[in-house]
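Tertiary structure, described
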Amino acid sequence: MAHAQFDKALAMGRPPNITALFPNSRALIVSGKVVDQAMLRKGGAISIAANGRNIFIIMGALKAAQRANSALIIEIAKSEGTYCPTNFFNIARRVDALCNEMSVTVPVAVHADHYGIKSQADLDTARVEIPAMFDQGITSIAIDASHLPDDDNLKANIDLAPLVPAWAGYETEVGEIKGKLGLSTPEEALFLIKGLNAYGLHPDWIALNNGTTHGIEASGQGIQVDLTRDIHTALKPYGVSGAQHGTSS
């Protein structure tokens, strides 16, 4: 990116929490929503979301993105933050420091993945924790209440989505990964998205249980491409992108 273009991107592209936290930074940390909108405008494009469990993974992902001239999402899940040195409250600072140290000029979003809601206690904690996470530099979040029945999943998202800043990326999820109730269906996805839209809530992404296992795939079933296509065909009128979780091996 040319110097003048990069300066313009820095001035326009960094969300308010990032400019407040890092006023003198040259890191182009952007909203996850902006990355999604850029992918849609470009067409036929995706961005990897790398789990930045430590600084070495973050460094490698940033170096690869810079070489490919590609936007990047660096994320950490709620569960990972309990056993990794990276967590929701320091990940943005790590990304910012490494972007400056390595002269990274590609746009990078900082994502709170799988912010899990499994109980009323989780909801109570979330009402305090989600705003605090954005105060510390998170630029998009996945509110994951997929462990709950569909109606409670919807209610949890209705409760918590208003805590996500309007400029930030917002992901929702239907169908528990490794759950006992089978893969997601178009009907379940439509129930969640139409229900949220009725409350004026419009997620940028939806994640599905479409065969991913978040680990070593023992069954050989893998990601169900046809099912994924059918669900997103049903969701097309609602303008929500897909967040595809990975399956190892």
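Residues numbered from 1 in each chain as written. Predicted model: local features only at pLDDT ≥ 70, side-chain atom pairs only at ≥ 80, totals over all residues. Heavy atoms only, no water.

Regarding the pairing of strand S3 (residues 72-77)
Most of S3 sits inside the fold, with six of its six residues counted as buried. Here S3 shows two buried faces, one formed by Leu72, Ile74 and Ile76 and the other by Ile73, Glu75 and Ala77. Pairing of strand S2 (residues 49-51) with S3, which is carried by three bridges, proceeds in the parallel orientation. Along S3, the bridge assignment pairs alanine 49 with isoleucine 73. With helix H4 (residues 55-68) bridging S2 and its parallel neighbour S3, the resulting β-α-β unit is right-handed. Where S3 lies against strand S4 (residues 108-116), six bridges are found, and the strand directions are parallel. (Buried < 20%, exposed > 50% of the residue type's maximum accessible area, 1.4 Å probe, protein only. Helix = DSSP H or I, 4+ residues; strand = E, 2+ residues; numbered from the N terminus. Pairing = 2+ DSSP bridges. Right-handed = clockwise from strand over helix to strand, strands pointing away.)

With respect to the pattern of salt bridges
Taken as a whole and assessed by the stated rule, the structure comprises seven salt bridges. For the salt bridge of glutamate 80 with arginine 53, the shortest nitrogen-to-oxygen distance reads 2.7 Å. Of this pair, glutamate 80 sits in the loop between S3 and helix H5 (91-102) while arginine 53 is found in the loop between S2 and H4, placing the two residues 27 residues apart along the sequence. Look at glutamate 80 and you get buried, because its relative accessible area is 4%. The exposure class assigned to arginine 53 is partly exposed, which follows from its relative accessible area of 33%. Aspartate 124 is the partner of arginine 127 in a salt bridge, and the nearest nitrogen-oxygen pair spans 2.7 Å. In this pair, arginine 127 and aspartate 124 are both assigned in helix H6 (residues 120-135), three residues apart and thus about one turn of the helix distant. Through salt bridges with shared partners, a single ionic network connects Asp124, Arg127 and Asp159. (Salt bridge = Lys/Arg side-chain N within 4 Å of Asp/Glu carboxyl O.)

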